[in-house]
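Coordinate analysis (summary)
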Amino acid sequence: MTIRMGLALIGAIALLAVAPARAQTPSAYRVVHGWPVLPEGRILGSAAGVGVNSKGEVLVFHRAGRTWSEPLPLDAIKAPTVAVFDAATGRFLREWGAGAFAMPHGLSVDAQDNVWLTDVALQQVFKFSPDGTLLMTLGERGVAGADAGHFNRPTDVAVLPDGSFLVSDGYRNTRVAKFAADGRFLSQWGRPGRGEGQFNTPHAIAVDAKGQVYVADRQNDRVQVFDGEGRFLRQLKGPEAGRPHSVAVLADGGVAIADGGEQPASGPDRSGVAILDAEGRVRQRLGRFGNQDGQFRMAHDLAVDANGALYVVDIIGQRVQKFEPAR
């Protein structure tokens, strides 16, 4: 055997040793095939928002056949727009919201299982009890504004530990508005721009156990983090995080970011979920552009349950997918 042949053989053995190790690296999450189970002959509409309550139920806010068009329609969607599934089995449980919404967007569930919904056409924010009874309405129906009593295409709600809540507002306003638990306007922060505390489409909002506020600053390709009074703390940004459409806080202090891609005029695009640790380092990226299981056309919102499973709605793909942690 020549020296050259020996080196080649050693190199081949080394490659064989490395390749299986790479292939066997486990994913931190796996898609759950066949979840959820919709009634026969039914599909979801454009799925915009998702949340999980303490009973292990997954709520999906969808547009029930309505598509985005300008000017945004103000007539109510006749079909139910909130679908509820069992988190463990994916079984369809119930639905509600018929005749109440014109262009569904954000859905959040608070610690008391109240359901908060935003409608970008109606310019309103709604609070519902766990059984779907309307408890509070903020904003004037169909009237845009930037004052204490109006929104301009509000996108999402996050409830702080003391019961006060924050509204990311939104497609036309570039602010976060803070309200007391009873709906009284308290304060706001943000203005157009790319600097600290400035926004270009604050598209979703979340709060961690410490009361820190995470805002998906979509068109600025970042998540900004603030304290409960709007003081800038840090930002999460990078190619792996992509264009954040939504953000969810994980039990270990990390975050999951729904990267909705760039929305080019023609595909393919990029879409997926980035998992970051508490320091903002990317641990993993889930999915890619596509319509197969574990893929996304446009990941729009996500939520995490008590077991660490992720639920991601795909607004163009018109579906919700479940990702379980690998054990």
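Structural notes, computed from the coordinates.

What counts and how
- Residues numbered from 1 in each chain as written.
- Predicted model: local features only at pLDDT ≥ 70, side-chain atom pairs only at ≥ 80, totals over all residues.
- Heavy atoms only, no water.
- Helix = DSSP H or I, 4+ residues; strand = E, 2+ residues; numbered from the N terminus.
- Rg over C-alpha atoms; globule rule 2.2 N^0.38 Å.
- Buried < 20%, exposed > 50% of the residue type's maximum accessible area, 1.4 Å probe, protein only.
- Contact = heavy atoms within 4.5 Å.
- Areas by Shrake-Rupley, 256 points an atom, 1.4 Å probe, with all protein chains shown as cover.
- Lys, Arg positive; Asp, Glu negative; His and termini not counted.
- Charge placed at Lys NZ, Arg CZ, Asp CG, Glu CD.
- Pairing = 2+ DSSP bridges.
- Axes fitted to C-alpha atoms, helices over the stretch in contact; angles between N-to-C directions.
- Phe/Tyr/Trp six-rings, centres within 6.5 Å; stacked < 30°, edge-to-face > 60°.
- Core = buried A, V, L, I, M, F, W, Y, C linked by side-chain atoms within 4.5 Å.
- Salt bridge = Lys/Arg side-chain N within 4 Å of Asp/Glu carboxyl O.

**So, the overall build of the protein**
The helix and strand tally for the protein stands at one helix and 24 strands. Its C-alpha atoms give the protein a radius of gyration of 21 Å, within 12% of the compact-globule value 20 Å for 327 residues. Overall, the C-alpha framework of the protein stretches about 85 × 50 × 40 Å when taken along its three principal axes. Expressed as a percentage of its 327 residues, the buried residues of the protein come to 53%. Expressed as a percentage of contacts within the protein between residues at least 6 apart in sequence, the contacts between residues at least 24 apart total 44%. Carbon and sulfur atoms make up 54% of the accessible area of the protein, which totals about 14800 Å². Averaged over its 35 positive side-chain charges, the protein has a centre that lies 5 Å from the centre of its 34 negative ones.

**Some remarks on the sheet that holds strand β13 (residues 185-189)**
As summarised here, the arrangement of the four strands in space is β10-β11-β12-β13, forming an open sheet in which the pairing is antiparallel. Whereas interior strands pair on both sides, the edge strands pair on one side only; in this sheet they are β10 (154-159) and β13. Direction aside, the axes of adjacent strands within the sheet are offset by 20 degrees on average. With four bridges joining them, strand β12 (residues 175-179) and β13 adopt antiparallel strand pairing. Its bridge partner lying in β13, Phe179 is registered against Phe185.

**Overview of the pairing of β12**
Counting buried positions over the five residues of β12 gives five, a clear majority of the element. Burial along β12 is two-sided: Arg175, Ala177 and Phe179 facing one way and Val176 and Lys178 facing the other are all buried. Where strand β11 (residues 165-169) and β12 come together, five bridges link them in antiparallel fashion. Bridge pairing links Asp169 to Arg175 in β12. Taking the residues that link successive antiparallel strands as the turn, the β12-β13 hairpin has five residues, and the phi of Gly183 there is positive, at about 95 degrees.

**Some thoughts on the sheet that holds strand β19 (residues 255-259)**
On the basis of which strands lie adjacent, the open sheet formed by four strands has the order β18-β19-β20-β21 and antiparallel pairing. Edge strands, defined here as strands with exactly one partner in the open sheet, are β18 (244-249) and β21 (282-286). Between one strand and the next, the sheet's axes are offset by a mean angle of 20 degrees, whatever the strand orientation. Note that β19 and strand β20 (residues 272-276) share five bridges and pair antiparallel. Bridge pairing links Ile257 to Ala274 in β20.

**Quick notes on the packing of aromatic side chains**
Aromatic rings considered in pairs are described by the distance between their centres and by the relative angle of their planes. Under the counting rule described, the total for this entry stands at 17 aromatic pairs. Each ring, one from Phe296 and one from Phe323, has its centre 5.8 Å from the other, and the planes form 40 degrees; the classification is tilted. Of this pair, Phe296 sits in the loop between β21 and β22 (299-304) while Phe323 sits in strand β24 (residues 319-325), and the two are 27 residues apart along the sequence. The same class applies to Phe296 as to Phe323, namely buried.

**Comments concerning the nonpolar core**
In this structure, Val82, Trp96, Val115, Leu117 and Phe128 are the most contacted members of the largest nonpolar core, which totals 17 residues. Sorting the residues of this core by element identifies β3 (57-62), β4 (82-86), β7 (115-119) and β8 (124-128) as the ones contributing at least two each. With residues near it in sequence (within four places) discarded, Phe128 still touches Trp96, Phe101, Asn114, Val115, Leu117, Thr133, Leu134 and Leu135.

**Concerning the pattern of salt bridges**
Going through the model one piece at a time under the given rule, you end up with 20 salt bridges. In this structure, Asp221 engages Arg243 in a salt bridge whose closest nitrogen and oxygen atoms are separated by 2.7 Å. On the criterion of sequence distance, the pair formed by Asp221 in the loop between β15 (213-217) and β16 (222-226) and Arg243 in the loop between β17 (232-236) and β18 is long-range, its members being 22 residues apart. For Arg243, a relative accessible area of 10% translates into the label buried. Arg270 is the partner of Asp259 in a salt bridge, and the nearest nitrogen-oxygen pair spans 2.6 Å.

**Section: the pairing of β20**
Most of β20 is tucked away: five of the five residues are buried. Burial of β20 is two-sided: the residues Gly272, Ala274 and Leu276 facing one way and the residues Val273 and Ile275 facing the other way are all buried. Taken together, the four bridges between β20 and β21 define a ladder with antiparallel strand orientation. Counterpart to Ile275 in the pairing with β21 is Gln284. Linkage of β20 to β21, two consecutive antiparallel strands, is achieved through a turn of five residues, within which Gly280 is found at a positive phi near 90 degrees.

**Observations concerning unusual backbone geometry**
A cis geometry characterises the amide bond from Trp35 onward to Pro36, with omega recorded as 0 degrees. For Pro36, the location among the structural elements is in the loop between β1 (29-31) and β2 (47-52). In this model, Asp169 is joined to Gly170 through a cis peptide bond whose omega is -10 degrees. Topologically, Gly170 is positioned in the loop between β11 and β12. With a phi angle near 75 degrees, Thr201 is a residue other than glycine that sits in the positive phi range. Along the polypeptide, Thr201 turns up in the loop between β13 and β14 (202-207). With a relative accessible area of 8%, Thr201 lands in the buried category. Phi is positive for Gln318, which is not a glycine, with a value near 55 degrees. With respect to the secondary-structure elements, Gln318 resides in the loop between β23 (310-314) and β24. Judged by relative accessible area, which is 32%, Gln318 ranks as partly exposed.

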